[in-house]
Amino acid sequence: MPLTGIDALAFAGPASYLEMTDLARARNVDPSKYLVGLGQRRMAIATPCEDTVTMAVEAGSKALDNFDIDPGEIGTLIVGTETGVDHSKPVAVYVHELLGLDQRCRTFETKHACYGAMAGLTASMDWIASGRARGRKALVIASDIARYGLNTAGEPTQGAGAVAMAVSDTPRLLAIDPARIGDYTRQVMDFWRPLYSKYAFADGHYSIECYLDALVGARLDAIGECSELLESLTACLYHVPFVKMAFKAHQRQMEIELGTQITREQAARWQALDDSYQRLTAPWLSLNADIGNIYTGSLFLALIDLLRQADNAFAGREVSLFSYGSGCGATYCIGTISEGADQWRDALDPSEHLSTRRQLNIDEYEALVLETDNADRQEKLEPSSFGLKDGLFYVGTRDHCRQYQRF
Ligand SMILES: CC(C)(COP(=O)(O)OP(=O)(O)OC[C@H]1O[C@@H](n2cnc3c(N)ncnc32)[C@H](O)[C@@H]1OP(=O)(O)O)[C@@H](O)C(=O)NCCC(=O)NCCS
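Residues numbered from 1 in each chain as written. Predicted model: local features only at pLDDT ≥ 70, side-chain atom pairs only at ≥ 80, totals over all residues.

## Description of the nonpolar core
To be explicit about the condition: Note on terminology: a nonpolar core is a set of buried residues of type Ala, Val, Leu, Ile, Met, Phe, Trp, Tyr or Cys, with members joined through C-beta atoms within 7 Å. Partly exposed residues are those falling between the two cut-offs: more than 12 but fewer than 20 other C-beta atoms within 10 Å of their own, whereas 20 or more means buried and 12 or fewer means exposed, with C-beta atoms placed from the backbone. Runs of H or I in DSSP of at least four residues are treated as helices and runs of E of at least two as strands, each being numbered from the N terminus. By the convention adopted here, residues are in contact when the distance between their C-beta atoms, placed from the backbone, does not exceed 7 Å.
Counting residues in each nonpolar core, the largest one holds 125 residues, and the members touching the most others are Leu 9, Ala 59, Ala 63, Val 95, Val 163, Met 165 and Leu 237. Of the residues forming this core, the biggest block, eight residues, is contributed by helix H11 (residues 298–309). Setting aside anything within four residues of it in sequence, one finds Val 163 in contact with Leu 9, Phe 11, Ala 59, Ala 142, Gly 297, Phe 300, Leu 301 and Ile 304.

## Considering the site of the ligand
Note the following rule: Residue proximity rests on one test: whether the C-beta atom, placed from the backbone, lies within 6 Å of the molecule or strand. For this scheme, ten residues count as nonpolar: Ala, Val, Leu, Ile, Met, Phe, Trp, Tyr, Cys and Pro. Four count as charged, namely Asp, Glu, Lys and Arg, and the remainder, Gly too, count as polar.
In the vicinity of the ligand lie 21 residues, with Ser 32, Lys 33, Gly 37, Gly 204 and Pro 241 positioned nearest. Looking at the shell around the ligand, the elements that each hand over two or more residues are helix H2 (31–37), helix H6 (204–223) and helix H7 (243–258). Class assignment of the residues belonging to the shell around the ligand gives a composition of ten nonpolar, eight polar and three charged.

## Thoughts on the sheet that holds strand E7 (residues 159–168)
As a reminder of what qualifies: When DSSP finds two or more bridges between a pair of strands, those strands are recorded as paired. Every axis in this analysis is a line fitted to C-alpha atoms, fitted for helices over the stretch in contact. Angles between the N-to-C directions lie between 0 and 180 degrees.
Read across the sheet, nine strands follow the order E5-E4-E6-E7-E1-E8-E13-E12-E11 without closing on themselves; strand pairing throughout is mixed. Across the chains shown, the open sheet's two edge strands, defined by having one partner strand only, are strand E5 (106–110) and strand E11 (235–238). When strand polarity is set aside, the average angle formed by the axes of neighbouring strands in this sheet is 25°. With six bridges connecting them, strand E4 (residues 74–80) and strand E6 (residues 137–146) associate as parallel partners. Pairing of Gly 80 across the sheet is with Ala 142, part of E6. Where H6 meets the sheet, it contacts strand E8 (174–185), strand E12 (318–325) and strand E13 (329–337), and its direction lies at approximately 125° from that of E8.

## Comments concerning the sheet that holds strand E3 (residues 42–45)
Sheet strands pair via backbone hydrogen bonds, and the direction of the pair is either parallel or antiparallel. Across the sheet, which stays open at both edges, the three strands sit in the order E3-E2-E14 with mixed pairing between neighbours. Strand pairing shows two members of the sheet lacking a second neighbour, E3 and strand E14 (358–359), which therefore form its edges. Bridge count between strand E2 (residues 16–19) and E3: four bridges; the pairing is antiparallel. In the strand pairing of E3, Ser 16 is matched with Ile 45.

## Describing the environment of Ala 268
Following the sequence through the fold, Ala 268 ends up in helix H8 (residues 264–269). Look at Ala 268 and you get exposed, because 10 C-beta atoms sit within 10 Å. It is 19 Å that separates the C-alpha atoms of Ala 268 and Tyr 34, two residues lying 234 residues apart in sequence.

Interpretation in functional terms is not warranted from these geometric data alone.
Below, the structure is given as structure tokens:
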């Protein structure tokens, strides 16, 4: 069985963001509910010219360029998204053309709420292990725009962005142990988006319970009834719809190892929980706090945050990863940081992009939401009218066909 895993990683996201304090003030909410209660600082906002395709292409081309991967080496392309741009045509096939990939590349889209990218990652590992890859790599891209609508409970848990990862049998960043991958599936109505709606419907508090149940189930399938895993790990990474969710998830892992569930009040006084969370999870959540919810890419954004801080002492250390998609499906697995991964810290660090983002005020944000609602039907969109200069952008739909142009 070849050693497979993540060979390259890159993030791309919209050029604009909203401060959570501005949103809180506009909604007459105490800002500390968003900053502390949810753990979010900012959220990325996509303009009408930035969509799932453009973000996926930008992330994909960074992963290829920054990690010196020739497009001809890619034999499978999978785009995980729950915010595709067409009921039938996959985002992946636009991305295939725009990245200049070979026609012999197998290309498809996966949809399972926030789980699509993890499904793509494990499918790519299976493709390599089966021998079909014949030395080629897979490219898995998570790309989503989280939209809950103005004045809804989900509004502060929006965001947008794409994470691209190359998968190979010589992973330069993280090898994933095929013997410790566990899965979980259960039909639940915790979050969904009917065909007639651009906005997600969520039973928010129930979705948190479903997430935690899935964590218990997938972890059990991955490693059995182990009560001493956390002590051996260097990081615990989770699906992060909002930062505080990772704390709840970490608490649940601690409870599993303790063999009992504890109350909110007990959790607040549980020093070992705080110590463990501060050591294993909190240091890798800064990008999630600044970008917001990117749905299926959010777990891998936390992985980028970890790897951009990893020095050579991290080589050989183990990390747990938990992906959850509402509806629901989940995977828990264990990865090992590769020897030499620290050489790629600058290549995968998105700090420069984040420092050049434009801050929106609340009126601009609300206007953009309405304009984005109509963007699919616009014949001509001008990226410069949204302050966009360089990059690939969606420029309108002509004769029912979406048009993309690089500026
Ligand atoms: C996450 C979500 C359920 C929060 O809904 P809400 O009812 O508006 O918010 P809550 O009242 O639960 O408050 C959120 C947190 O802020 C805390 N809070 C509230 N006011 C606060 C304040 N002034 N200062 C500090 N914290 C505050 C609450 O105690 C709560 O923390 P807790 O969960 O640790 O108890 C909602 O944003 C949502 O539906 N999001 C989309 C679905 C989602 O992200 N699901 C995740 C699993 S996939």
